Amino acid sequence: MLQAAENQLIVELVRAIRQRHPRMGGRKLHYELQDSMAALGISRGRDAFFKLLSAHNLLVPTRLSHRKTTHAGLWRCPNLLYTAWLYRERLQKMEIRSSMGEVGNCYENALAERVNGILKGEYGLDDLFIDKEHAQKAVREAVWLYNYERPHLALNYGKPAEIYFEKIDVK
């Protein structure tokens, strides 16, 4: 009976996080909830935690990409799309700011593309929005969550803002 009550508390904690981070995976959730579970006197290993997520249909389903790309020609000239003036002009007319680095070097964008992929995949920024203002609000919130609340495996589950501000002397 006690374990059932503990499991229900864990499920509630997971759902609370998922309200803000709908696609946060099990490892990150497990890490994020360690302090909360300890404060409640609850201990769950990773495997038991994943079993609980599975039992409550809380595992993040894998998204299949349905995007179609053409590799014809672009593989020979990978910078073509990034340096095309027509492409840049179209972005400007649509009031879309380009995320490109140095002109003509698409390879500098690997980090930006990784972040964009996470923002789209985990925070729904690839969805359709009602209007520009709604899209801008969604982007601001997603970027804030990414920097201040989302644990990053590459940072030992740290958050970028924590890591950044620890390196700066704010005195």
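Residues numbered from 1 in each chain as written. Predicted model: local features only at pLDDT ≥ 70, side-chain atom pairs only at ≥ 80, totals over all residues. Heavy atoms only, no water.

**A look at the overall build of the chain**
Secondary structure summary: the chain contains 9 helices and 0 strands in total. Order of helices (α) and strands (β) in the chain, N terminus to C terminus: α-α-α-α-α-α-α-α-α. Counting across all 171 residues of the chain, residues that qualify as buried make up 25%. In the chain, the share of contacts with a sequence separation of at least 24, taken over all contacts with a separation of at least 6, comes to 53%. Here the chain displays about 12,900 Å² of accessible surface, and carbon together with sulfur accounts for 56% of that area. (Helix = DSSP H or I, 4+ residues; strand = E, 2+ residues; numbered from the N terminus. Buried < 20%, exposed > 50% of the residue type's maximum accessible area, 1.4 Å probe, protein only. Contact = heavy atoms within 4.5 Å. Areas by Shrake-Rupley, 256 points an atom, 1.4 Å probe, with all protein chains shown as cover.)

**Quick notes on the confidence of the model for the chain**
A residue-level look at the chain finds 78% of positions with pLDDT of 70 or above and a mean pLDDT of 83. Note that pLDDT drops below 50 for residues 68-72; the model gives that stretch 0 contacts with residues more than four away or on any other chain. (pLDDT = per-residue confidence, 0-100.)

**Focus: the environment of Pro-61**
Its location among the elements puts Pro-61 in the loop between helix H4 (46-55) and helix H5 (80-83). We classify Pro-61 as exposed; its relative accessible area is 55%. Counting along the chain gives 38 residues from Pro-61 to Arg-23, while the straight-line C-alpha distance between them is 8.6 Å.

**Some points on the nonpolar core**
Formed by 13 residues in total, the largest nonpolar core has its most connected members in Ile-10, Val-14, Leu-29, Leu-33 and Phe-49. Secondary structure elements with two or more residues in this core: helix H1 (2-20) and H4. The element best represented in this core is H1, accounting for 4 residues. The contacts of Phe-49, once residues within four sequence positions are left out, are Ile-10, Val-14, Gly-26, Leu-29, His-30 and Leu-33. (Core = buried A, V, L, I, M, F, W, Y, C linked by side-chain atoms within 4.5 Å.)

**Side note on the packing of H1 against H4**
It is at 11 Å that the axes of H1 and H4 come closest, and there the two elements cross at 75°. The orientation of H1 with respect to H4, classified from their angle, is roughly perpendicular. Contacts between H1 and H4 pair Asn-7, Ile-10, Val-11 and Val-14 from the former with Phe-49, Leu-52 and Leu-53 from the latter. Among the residues making up the contact of H1 with H4, the classes are represented as 6 nonpolar, 1 polar and no charged. (Axes fitted to C-alpha atoms, helices over the stretch in contact; angles between N-to-C directions. Parallel < 35°, antiparallel > 145°, perpendicular 65-115°, else oblique. Nonpolar A, V, L, I, M, F, W, Y, C, P; charged D, E, K, R; others polar.)

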